[in-house]
Structure formats: structure tokens, C-alpha cells
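Now for the letters of each chain:
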Amino acid sequence: MRKHTVKETPPDQYRKRPRRHIDYMKYLYTASLVITLLACNIQPVMAANMWDKASEIMKDVYNQIVLISTIAAIVTASVALLMMNFSKSGKTVDESRAWLKRIIITWAILNGLGFIMAYITPFFAGGKWTG
């Protein structure tokens, strides 16, 4: 019979070393943290111009909405008035009167928002009451 020999384990210095694991998520987190910190440092410089421009854009959009809604209110109100004056049915007259009320209320609300934006918000400039 053959003799079976048992191999001895090699000393520590000859063992294969495990491959080093690179933790990509740690580097990705660090990069995102650096970008966020840079953005926080830059933000106060850009904030004033950005909010002024946003305010200007909002006023322009609101003015366009008021212009379009005024034209639409005039056209629809004239149609409602024509239907009220030339209709033979009482039901049509009542519906036209109800639509005319809705048109006037909606137009008044839209213009009221403009009043609030133009005359009341300056009192709260900078987050403080200046009235």
C-alpha cells in the first residue's frame, strides 16, 4: 500500500493574500458630499440674482395671464349678454346670467391677486414687516 502524506499548511508569509476590495460607494459618497458643499458655498452669491430674475419672470407670466383672461372674459361675457337679450327661453336666460356672474367673479379674483402681489407683498420684504 501507498503511504498517504498530508501536506502541511504553508507558513503565513507564503499564503496568497486576499485581493484588496475597493469600496466604490465610499468614493461616490465623498464626491457627492464635496459637490454639495461646493454648491452650498456658491449659493449665497447666486441667490440674489436668481430670486430677482424669478420674481421678474413671475410678474411677466402673471401680466400675460391677466391680459389673456381679460380678453377671454370680455368675449365670453358678451356672448352671455347676447344670449340673455336675444333668447326666448327662460332657462337659457338664467344659465347666461349664472355664467356672467361666474365670469365676473373669476376675473375679479385674478385681478385681486395682482393687487395682493403689487401692494401687499412689499410690506413683507426680506421676511420682515416693514409697514
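Conventions adopted
Residues numbered from 1 in each chain as written. Predicted model: local features only at pLDDT ≥ 70, side-chain atom pairs only at ≥ 80, totals over all residues. Heavy atoms only, no water. Helix = DSSP H or I, 4+ residues; strand = E, 2+ residues; numbered from the N terminus. Buried < 20%, exposed > 50% of the residue type's maximum accessible area, 1.4 Å probe, protein only. Areas by Shrake-Rupley, 256 points an atom, 1.4 Å probe, with all protein chains shown as cover. Contact = heavy atoms within 4.5 Å. Phe/Tyr/Trp six-rings, centres within 6.5 Å; stacked < 30°, edge-to-face > 60°. Lys NZ or Arg CZ within 6 Å of the ring centre and 35° of its normal. Patch = residues over 30% accessible without salt bridge, like charges linked within 9 Å, V, L, I, M, F, W, Y side chains within 5 Å. Salt bridge = Lys/Arg side-chain N within 4 Å of Asp/Glu carboxyl O. Expected span 1.5 Å × (residues − 1). 1 Å grid on protein atoms, 1.4 Å probe; cavity = no way out; pocket = protein on both sides within 12 Å on 5 of 7 lines; lining within 4 Å. Points joined across faces, edges and corners; volume = space filled by probe spheres on them. Nonpolar A, V, L, I, M, F, W, Y, C, P; charged D, E, K, R; others polar. Core = buried A, V, L, I, M, F, W, Y, C linked by side-chain atoms within 4.5 Å.

(A) Region of interest: the overall build of the chain. A count of helical and extended segments in the chain gives two helices and zero strands. Put simply, the chain has 131 residues, and 9% of those count as buried. Surface accessibility of the chain: about 12,500 Å² in total, with carbon and sulfur atoms responsible for 67%.

(B) Structural context of the environment of Val93. Counting through the fold element by element, Val93 comes out in helix α2 (residues 90-120). The buried category is assigned to Val93, whose relative accessible area is 17%. Remark: the alpha-carbon pair of Val93 and Ala80, spanning 13 residues in sequence, is separated by 8.6 Å. In contact with Val93, not counting residues within four places along its chain, are Met84 and Ser87.

(C) Highlighting the packing of aromatic side chains. A full pass over the atoms with the stated rule returns zero aromatic pairs. Sitting over the face of the ring of Tyr27, Lys26 holds its NZ or CZ atom 5.8 Å from the ring centroid. Here Arg102 stacks its cationic end above the ring of Trp99, 4.9 Å away from the centre of that ring.

(D) Fine view of a nonpolar patch on the surface. Nonpolar side chains collect at one region of the surface, where Ile105, Ile109, Leu113, Phe115, Ile116, Tyr119, Ile120, Phe123 and Phe124 lie side by side and expose about 890 Å² of accessible area between them. Take Ile109: it is sitting in helix α2. A residue is classified by how much of its surface remains accessible, and Ile109, at 52% relative accessible area, is exposed.

(E) Seen up close, α2. End to end, α2 covers 44 Å across 31 residues, agreeing with the expected 45 Å (1.5 Å per residue, within 8%). Among the residues of α2, Val93, Ser96, Leu100, Ile103 and Gly114 are the ones counted as buried.

(F) Expanded view of the layout of surface pockets. Roughly 330 Å³ of volume is contained in the largest pocket. At the level of elements, α1 (24-86) and α2 are the ones that each hand at least two residues to the lining of the largest pocket. Ranked by residue count, the leading element in the lining of the largest pocket is α1, at eight residues. Looking at the lining of the largest pocket residue by residue, the class counts come to seven nonpolar, four polar and one charged.

(G) Fine view of the nonpolar core. Judged by nonpolar contacts, Ala73, Ala77, Ala80, Met84, Val93, Leu100 and Ile103 together constitute the single largest core of seven residues. Those elements that place two or more of their residues in this core are α1 and α2. Looking at which element gives the most residues to this core, the answer is α1, with four residues. Beyond its immediate sequence surroundings of up to four residues, Leu100 is in contact with Ala77, Ala80, Leu81 and Met84.

These figures capture arrangement, not role.
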